[in-house]
Amino acid sequence: MKLNYSGQEQVQAPPAAVWAFVQDPERVARCLPDVQEVVVHDQTHMDATVQVGVGMVRGKFKFKIEVLPDEAANRVNVKVQGGGLGSVVDLTAGANIVDNGNGTTTLDWTGDATMRGPVATVGGRVLDAQAQKLIQKTFQNMSAQVGEQSGTLA
């Protein structure tokens with residue numbers, strides 16, 4: 001099952017604060033909803049264990065995450081691979097980091113996911129709605145954390 005998403009998130013912080021945030025893999029991984037554990041391997045690679053629930057299917061998924069900030073291109077890309085409960089997830093997501101010129105930043109994001117296994121058979125609409133919610137929540141969490149940190153530095 002292939003899923004595609006896009007959206008925008010307004011961050012109440014300047015782009016410099018967003019760049020500082022996305023270059024910290026621990027903080028990026030902590031933005032995943034229902035994250036239970038994060039193990040950072042280096043500046044761009046980490047593992048995360050996340051509690052997942054789609055319909056009646058609930059359990060832990062383990063993911064390998066690679067965060068690739070590219071400040072010159074004003075973009076951060078994320079690759080997520082892993083799964084659980086006999087299912088596999090491959091996700092690529094990215095956000096253009098747009099300076100609004102007023103001390104705020106827009107994350108103009110996209111995400112593409114492929115799912116295989118029992119979780120994918122739960123049903124297109126249920127899975128689609130849950131995936132959309134997870135992606136949006138991740139960017140909302142990131143926005144809130146960047147905004148909080150930026151506010152404490154001001």
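Residues numbered from 1 in each chain as written. Predicted model: local features only at pLDDT ≥ 70, side-chain atom pairs only at ≥ 80, totals over all residues. Heavy atoms only, no water.

- As recorded in an unreviewed UniProt entry, the protein goes by the name Carbon monoxide dehydrogenase, listed as coming from Deinococcus aetherius.

**Details of the side chain of Glu9**
Working step 1: Note that Glu9 resides in strand 1 (residues 2-11).
Working step 2: This buried residue, Glu9, is left without a salt bridge; Lys137 holds the nearest opposite charge, at 9.2 Å. (Helix = DSSP H or I, 4+ residues; strand = E, 2+ residues; numbered from the N terminus. Buried < 20%, exposed > 50% of the residue type's maximum accessible area, 1.4 Å probe, protein only. Lys, Arg positive; Asp, Glu negative; His and termini not counted. Salt bridge = Lys/Arg side-chain N within 4 Å of Asp/Glu carboxyl O.)

**A few points about empty space enclosed by the protein**
Working step 1: Inspection of every chain in the model, using the stated rule, returns one cavity of 30 Å³ or more.
Working step 2: What the largest cavity holds in volume is close to 640 Å³.
Working step 3: Elements that contribute at least two residues to the lining of the largest cavity include exactly helix 2 (25-29), strand 3 (45-54), strand 4 (57-70), strand 5 (75-84), strand 6 (87-99), strand 7 (105-116) and helix 3 (124-153).
Working step 4: It is helix 3 that provides the largest number of residues to the lining of the largest cavity, a total of eight residues. (1 Å grid on protein atoms, 1.4 Å probe; cavity = no way out; pocket = protein on both sides within 12 Å on 5 of 7 lines; lining within 4 Å. Points joined across faces, edges and corners; volume = space filled by probe spheres on them.)

**What to know about the pattern of salt bridges**
Working step 1: A complete count under the given rule lists two salt bridges for this structure.
Working step 2: For the salt bridge of Asp47 with Lys64, the shortest nitrogen-to-oxygen distance reads 3.7 Å. Placement of Asp47 in strand 3 and of Lys64 in strand 4 is noted, with a sequence separation of 17 residues between them.
Working step 3: Classification of Asp47 by relative accessible area gives partly exposed; the value is 23%.
Working step 4: In this structure, Asp90 engages Arg116 in a salt bridge whose closest nitrogen and oxygen atoms are separated by 3.4 Å. Placement of Asp90 in strand 6 and of Arg116 in strand 7 is noted, with a sequence separation of 26 residues between them.

**Some details on the nonpolar core**
Working step 1: In this structure, Val18, Leu107, Met142 and Val146 are the most contacted members of the largest nonpolar core, which totals 39 residues.
Working step 2: Setting aside residues up to four positions removed in sequence, Val18 forms contacts with Val11, Ile97, Thr105, Leu107, Met142 and Val146. (Core = buried A, V, L, I, M, F, W, Y, C linked by side-chain atoms within 4.5 Å. Contact = heavy atoms within 4.5 Å.)

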